[in-house]
Amino acid sequence: MQLNEIRVDPLTNRQEDPLSNRPEQGSKMAMSEIQGTSSQTNERSLWLSGIMRGVEGAKTKQRYSGPMIPKVPDKLKHENKECYKPSVVSIGPYHYKDRQNKLHEAEKLKVQMAREFVLDSKIKDIEILYSEVAKVAENAKRFYEGSSISCFDDEQFTRMMFLDGCFILQFIRGVMDNKLDMSDQQIILVKQDLLLLENQLPFSVLKSLMSLKNDGDDRGKEININDFLLLQILQQSDQRRPVWVLSWLVKGYLLLLLIYTSVVYPFHILQGKDSFFFSPLFGILVAGVIFVCKMVASLMRSLLCGNKWQAAKYHWPPHQEPVHILELLYSMFVRSQKEKHKLSLRSCCIYDLPGRLRNLFPKSKLGKRGHNLYYSAKDLQKVGIHFKPSKTSTLMDVKFVSSIFYATLKIPSITIEKATRSMLLNLVAYETAAFLDDLWVTSYICFIDSLIDDAEDVKVLRSKGILTNYLGPDQKVADLFNQIGRSLEPNTNIVYNDVKRKINVSCDSTWKKWIAEWLQTYFSSPWAFIAFVAAAAVLVLTATQTYYTVYPYKSSDSPMSVGT
């Protein structure tokens with residue numbers, strides 16, 4: 001065969017031999033091509049259907065397919081790397097190598113606290129407690145990344161789970177009972193380490209230890225940890241009604257006195273009745289009694305029901321449980337309200353009247369600027385928007401209520417201390433690594449960051465009971481939220497978008513701006529308000545005197561009237 005008899009197929013780029021183009025071979029090649037085309041079609045159909053099955057599966061998927069206790073995403077470690085590493089104690093396998101170096105002292109403490117935990121338990125048999133942990137140790141391995149536990153055999157992993165679990169529970173018990181042989185600084189650092197995402201222990205391990213300690217009472221297994229997070233981390237038990245209630249009561253008393261002296265007393269003069277019930281002294285006494293009663297009731301309610309803003313305990317469904325302590329804390333921050341408060345007649349009719357009236361008119365174009373917040377706390381206060389702490393600590397309880405004269409922004413209260421930065425960042429890391437749909441903590445930080453520009457904004461929120469500052473000067477709190485806010489990606493989900501739109505609409509109201517300016521002019525201080533009341537009283541009395549000068553009062557007992 002000559003070289004010129006060999007040709008190349010331009011479609012397949014293969015050499016063809018003319019001698020091989022026989023009828024039998026040609027038919028076989030045709031059949032193979034048909035079969036190849038059919039297999040490609042089937043393969044394409046399977047591939048396309050696989051794509052659709054993946055989409056359908058993503059709709060019904062509740063959790064991501066990664067480890068239940070993931071590591072912090074690398075993109076979050078860029079600026080705040082120190083907030084994700086333990087400073088005193090290592091829990092779990094992720095930072096196990098540090099136990100031989102800077103965290104070595106805590107390992108000795110773990111042995112001591114494990115011994116105390118066993119002695120405090122009802123069983124008092126360490127073998128039985130260890131066997132309970134061994135039952136769940138194999139399943140606990142699935143909570144971590146495989147590369148982090150590959151260096152542990154079953155016995156080593158179980159020992160780690162046992163010591164860490166005993167330490168956590170005994171530490172929580174000691175903090176709640178105030179019976180820990182540790183300094184305050186060490187306790188603060190251990191609390192901070194227990195809330196790190198990479199420093200978590202499977203809740204099933206803690207559950208196995210608590211099942212024997214609590215006599216098998218299933219209802220009480222999370223109570224100890226729940227109270228620890230509520231009282232020691234969220235610090236909601238010390239919340240009280242803010243001091244500004246007293247100032248508003250005084251202003252209300254003076255306002256009632258103004259109404260009496262400007263309306264009731266002139267009516268008394270015009271009628272010419274000399275009665276104690278229409279005298280200014282009686283008005284002073286009545287107004288004083290009313291507001292003293294309100295003041296006493298407010299103070300008693302604050303003292304006896306100081307946990308009004310306290311977050312209610314969260315009970316997990318019987319068939320579910322939190323994956324770890326950080327997820328339990330996250331559920332306390334973010335959860336739906338189960339109790340529906342009944343609206344009073346005033347709330348249904350009068351309080352909602354402005355909203356109903358607004359629905360009768362077309363919305364202004366100024367309110368359609370989007371969901372970004374353009375004003376800080378002090379700017380919002382200048383346009384008649386007041387701040388008030390929410391009744392719960394859940395991040396869902398952010399509401400904006402608008403009325404005819406002013407508006408109120410309700411925000412859950414939060415305590416700011418040294419460990420707050422680490423706690424918030426690890427909550428952000430948890431919801432980011434778990435691929436949650438609604439990033440509540442991230443949205444909350446961005447929302448507060450938009451309200452705070454400097455120390456003056458912190459002072460406004462602190463004076464209203466929304467922020468409790470244990471960190472130091474107000475500027476430190478402002479720097480904390482500004483720095484965390486810059487490290488987070490822009491919030492593009494729907495969380496708080498409706499609240500932000502309502503705030504922007506309220507800021508465009510000229511009427512509310514006038515009311516706010518009037519209140520700031522005459523109600524900014526007690527002296528300004530007293531001067532306003534005095535000026536109003538002088539005007540009323542001057543008008544009354546002028547009226548009697550022009551129209552002198554004729555008494556029915558005068559001699560002229562008797563003669564007629």
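Before reading on, note that the structure itself is shown above.
Residues numbered from 1 in each chain as written. Predicted model: local features only at pLDDT ≥ 70, side-chain atom pairs only at ≥ 80, totals over all residues. Heavy atoms only, no water.

Peer 1: Looking at this structure, how should I read empty space enclosed by the protein?
Peer 2: Inspection of the entire model under this criterion finds 2 cavities of 30 Å³ or more. Approximately 30 Å³ is the volume found for the second largest cavity. Lining the second largest cavity are Ile91, Ile168, Leu194, Asn199, Gln200, Leu201 and Ile325. (1 Å grid on protein atoms, 1.4 Å probe; cavity = no way out; pocket = protein on both sides within 12 Å on 5 of 7 lines; lining within 4 Å. Points joined across faces, edges and corners; volume = space filled by probe spheres on them.)

Peer 1: Whenever I open this one, the side chain of threonine 158 confuses me. Can you help?
Peer 2: Mapped onto the secondary structure, threonine 158 falls in helix H5 (residues 154-177). Residue classification places threonine 158 among the buried residues on the basis of a relative accessible area of 7%. The contacts of threonine 158, once residues within four sequence positions are left out, are Tyr130, Val133, Ala134 and Ala137. (Helix = DSSP H or I, 4+ residues; strand = E, 2+ residues; numbered from the N terminus. Buried < 20%, exposed > 50% of the residue type's maximum accessible area, 1.4 Å probe, protein only. Contact = heavy atoms within 4.5 Å.)

Peer 1: For this particular structure, what's the right way to read the packing of aromatic side chains?
Peer 2: The description of an aromatic ring pair rests on the distance of the ring centres and on the angle between the ring planes. Counted according to the given criterion, the structure contains 9 aromatic pairs. Between tyrosine 94 and tyrosine 144, the ring centres sit 5.5 Å apart and the planes meet at 85 degrees, which makes this aromatic pair edge-to-face. In this pair, tyrosine 94 is assigned in the loop between helix H1 (23-60) and helix H2 (104-120) and tyrosine 144 in the loop between helix H3 (126-140) and helix H4 (146-149), connecting sequence segments 50 residues apart. Neither residue differs from the other here; tyrosine 94 and tyrosine 144 are each classed as buried. One aromatic cluster is present, built from ring pairs that chain together Tyr94, Tyr144 and Phe157. (Phe/Tyr/Trp six-rings, centres within 6.5 Å; stacked < 30°, edge-to-face > 60°.)

Peer 1: Just to check I follow, could you spell out the sheet that holds strand S3 (residues 385-389) for this structure?
Peer 2: One key point about sheets: their strands pair by backbone hydrogen bonds, in either a parallel or an antiparallel sense. The strand order S3-S5-S4 describes an open sheet built from 3 strands, whose pairing is mixed. Two strands bound the open sheet, and with one partner strand each, they are S3 and strand S4 (399-402). On average, adjacent strands in this sheet sit at an angle of 20 degrees to one another, irrespective of strand direction. The pairing of S3 with strand S5 (residues 407-411) spans 5 bridges and is classified as parallel. When the bridges of S5 are listed, phenylalanine 387 appears paired with leucine 409. Against the sheet, helix H16 (residues 440-451) engages S3 and S5, with an angle of about 135 degrees to S5. (Pairing = 2+ DSSP bridges. Axes fitted to C-alpha atoms, helices over the stretch in contact; angles between N-to-C directions.)

Peer 1: Teacher, can you tell me more about the nonpolar core here?
Peer 2: The tendency in soluble globular proteins is for nonpolar side chains to be buried as a group. Counting 109 residues, the largest nonpolar core has Ile225, Leu229, Leu329, Phe387, Leu409, Phe447 and Ile503 as the members making the most contacts within it. Sorting elements by how many residues they give to this core places H5 first, with 11 residues. Sequence-distant contacts of leucine 409, defined by excluding residues within four places in its chain, comprise Ile385, His386, Phe387, Lys388, Lys399, Phe400, Phe447, Leu451, Val499 and Ile503. (Core = buried A, V, L, I, M, F, W, Y, C linked by side-chain atoms within 4.5 Å.)

Peer 1: Where do I start with H3 in this structure?
Peer 2: With 15 residues, H3 should cover 21 Å at 1.5 Å per step; its first-to-last C-alpha distance of 20 Å lies within 8% of that length. Within H3, the axis deviates most sharply at alanine 134, by approximately 25 degrees. Those residues of H3 that fall on the buried side of the exposure criterion are Leu129, Tyr130, Glu132, Val133, Ala137 and Ala140. In this structure aspartate 125 caps H3, since a side-chain oxygen of it lies 3.1 Å from the backbone nitrogen of glutamate 127. (Expected span 1.5 Å × (residues − 1). Bend = angle between axes of the 7 residues up to and from the residue. Polar contact = N/O pair within 3.5 Å; in protein donor to acceptor, adjacent residues only side chain to side chain.)

Peer 1: What's the story with the packing of helix H11 (residues 325-333) against helix H15 (residues 420-433) in this structure? I'm lost.
Peer 2: When two helices pack together, their arrangement is captured by the angle between the axes and the distance separating the axes. It is at 10 Å that the axes of H11 and H15 come closest, and there the two elements cross at 95 degrees. Considering the angle they form, H11 stands roughly perpendicular to H15. Within the contact between the two elements, H11 uses Leu326, Glu327, Leu329, Tyr330 and Phe333 and H15 uses Met423, Asn426, Leu427, Tyr430 and Glu431. Considering only residue class, the contact of H11 with H15 consists of 7 nonpolar, 1 polar and 2 charged. (Parallel < 35°, antiparallel > 145°, perpendicular 65-115°, else oblique. Nonpolar A, V, L, I, M, F, W, Y, C, P; charged D, E, K, R; others polar.)

Peer 1: What is the right way to read the environment of methionine 396 from this model?
Peer 2: If you trace the backbone, methionine 396 turns up in the loop between S3 and S4. Taking the relative accessible area as the measure of exposure, methionine 396 reaches 33% and is therefore partly exposed. Taking the C-alpha atoms as reference points, methionine 396 and isoleucine 411, 15 residues apart in sequence, are found 9.2 Å from one another.

Peer 1: I tried to follow unusual backbone geometry on my own but got confused; where do I start?
Peer 2: Trans peptide bonds make up the majority, and among non-glycine residues the majority have a negative phi. With a phi close to 55 degrees, asparagine 178 is a non-glycine residue in the positive phi region. By secondary structure assignment, the location of asparagine 178 is in the loop between H5 and helix H6 (184-194). The backbone of tyrosine 496 shows a phi angle near 65 degrees, a positive value even though the residue is not glycine. Within the secondary structure, tyrosine 496 is located in the loop between helix H18 (474-487) and helix H19 (497-507). Judged by relative accessible area, tyrosine 496 falls into the buried class, the value being 7%.

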